[in-house]
Amino acid sequence: MYWDLRRKIVDVMRFMDEKGLNYGRSGNVSVRVSEREVLITPSGVLKSAMSPEDMLLVTLDGEVIEGKHRPTVEMPLHLAVYRGYEHVKAVIHAHPVYTSILAVVREPLPPIIEEMVIYTGGEVRVADYAPFGTEELAENAVKALKDRSAVILANHGIVTIGKDLDEALEVLSVVERMAQIYIYSKLLSKVHTLPEEVINYLKLLYLRRVRAG
């Protein structure tokens, strides 16, 4: 079932590994395939070596419909996002270097360049810390994702969302690039965020795009 999407997930995981957006057995991806069903990556599998057959089909309640592996330990996080935001059709959780630096120091990524706000909706917040794989982590991430398409998980990594996998991946790429720019800029001098009126205008554009689907 859903072989095109299974292959797409494999391609996305390999791309993330090649571009340094994720590594090894870490990270996980899911796609909403119906109102109550989700394709999701397995646990304990080298992500760059996955095959379409490795994906699991699960319900929004976490019941495994199809799959030979255990689902990712972060399944509660993915399913909580889908339950909390009906417009979301894809979720990516990854551990890119520069965003993970912000996660470790628990520092939000401020709106420093216009394109960032268009992609993310504004500042990328840091969700309160909770251990990986827990319902508490899922709840904290969903709360911090309000009117945003990305959230930094304290001492952990990042979650991005989108209307499809391509959009969620694009958001991930943008946030990691902005995190790199932000960290390097702080080394050089004071960081200047965008003017408030510009941020508010770009937020409106972001929200219109999200609501239009």
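Here is a short report on the structure shown in this document. Not measured: the values here are computed from a predicted model.

### Let's talk about the sheet that holds strand 4 (residues 64-66)
Right, on to step 1. Spatially, the eight strands line up as an open sheet ordered 4-3-2-1-5-8-7-6, and their pairing is mixed. Each end of this open sheet is capped by a strand with a single partner; those strands are strand 4 and strand 6 (126-127).
Right, on to step 2. Bridge analysis of strand 6 against strand 7 (residues 150-153) gives two bridges, and the strand direction is parallel. Counterpart to Ala 127 in the pairing with strand 7 is Leu 153.
Right, on to step 3. Relative to strand 1 (residues 28-32), helix 1 (residues 3-18) is tilted by about 150°, and along the sheet it contacts strand 1, strand 2 (37-40), strand 4 and strand 5 (90-94).
Right, on to step 4. With respect to the sheet, helix 3 (residues 97-105) is in contact with strand 7 and strand 8 (157-162), its orientation differing from that of strand 7 by roughly 60°.

### A look at the side chain of Thr 99
Right, on to step 1. Looking at the element boundaries, Thr 99 is found in helix 3.
Right, on to step 2. When its relative accessible area of 1% is taken as the criterion, Thr 99 is described as buried.
Right, on to step 3. A polar contact is formed between the side chain of Thr 99 and the side chain of Glu 176, at a distance of 2.6 Å.
Right, on to step 4. Residues contacting Thr 99, with those up to four places away along its chain left out, are Ile 152, Ile 158, Val 175, Glu 176 and Ala 179.

### Details of the side chain of Ser 26
Right, on to step 1. Within the fold, Ser 26 resides in the loop between helix 1 and strand 1.
Right, on to step 2. With relative accessibility at 13%, the residue Ser 26 sits in the buried group.
Right, on to step 3. Among the polar contacts made by the side chain of Ser 26, one reaches the main-chain carbonyl oxygen of Tyr 23 at a distance of 2.6 Å.

### Structural notes on the pattern of salt bridges
Right, on to step 1. Enumeration according to the criterion identifies eight salt bridges in this entry.
Right, on to step 2. Glu 107 is paired through a salt bridge with Lys 186; the nearest N and O atoms lie 2.8 Å apart. Of the two residues, Glu 107 sits in the loop between helix 3 and helix 4 (114-120) while Lys 186 sits in helix 6 (residues 165-188), which places them 79 residues apart along the sequence.
Right, on to step 3. Here the salt bridges do not stand alone but share partners, grouping Lys 163, Glu 167 and Arg 209 into one network.

The rules behind these values
Residues numbered from 1 in each chain as written. Predicted model: local features only at pLDDT ≥ 70, side-chain atom pairs only at ≥ 80, totals over all residues. Heavy atoms only, no water. Pairing = 2+ DSSP bridges. Helix = DSSP H or I, 4+ residues; strand = E, 2+ residues; numbered from the N terminus. Contact = heavy atoms within 4.5 Å. Axes fitted to C-alpha atoms, helices over the stretch in contact; angles between N-to-C directions. Buried < 20%, exposed > 50% of the residue type's maximum accessible area, 1.4 Å probe, protein only. Polar contact = N/O pair within 3.5 Å; in protein donor to acceptor, adjacent residues only side chain to side chain. Salt bridge = Lys/Arg side-chain N within 4 Å of Asp/Glu carboxyl O.

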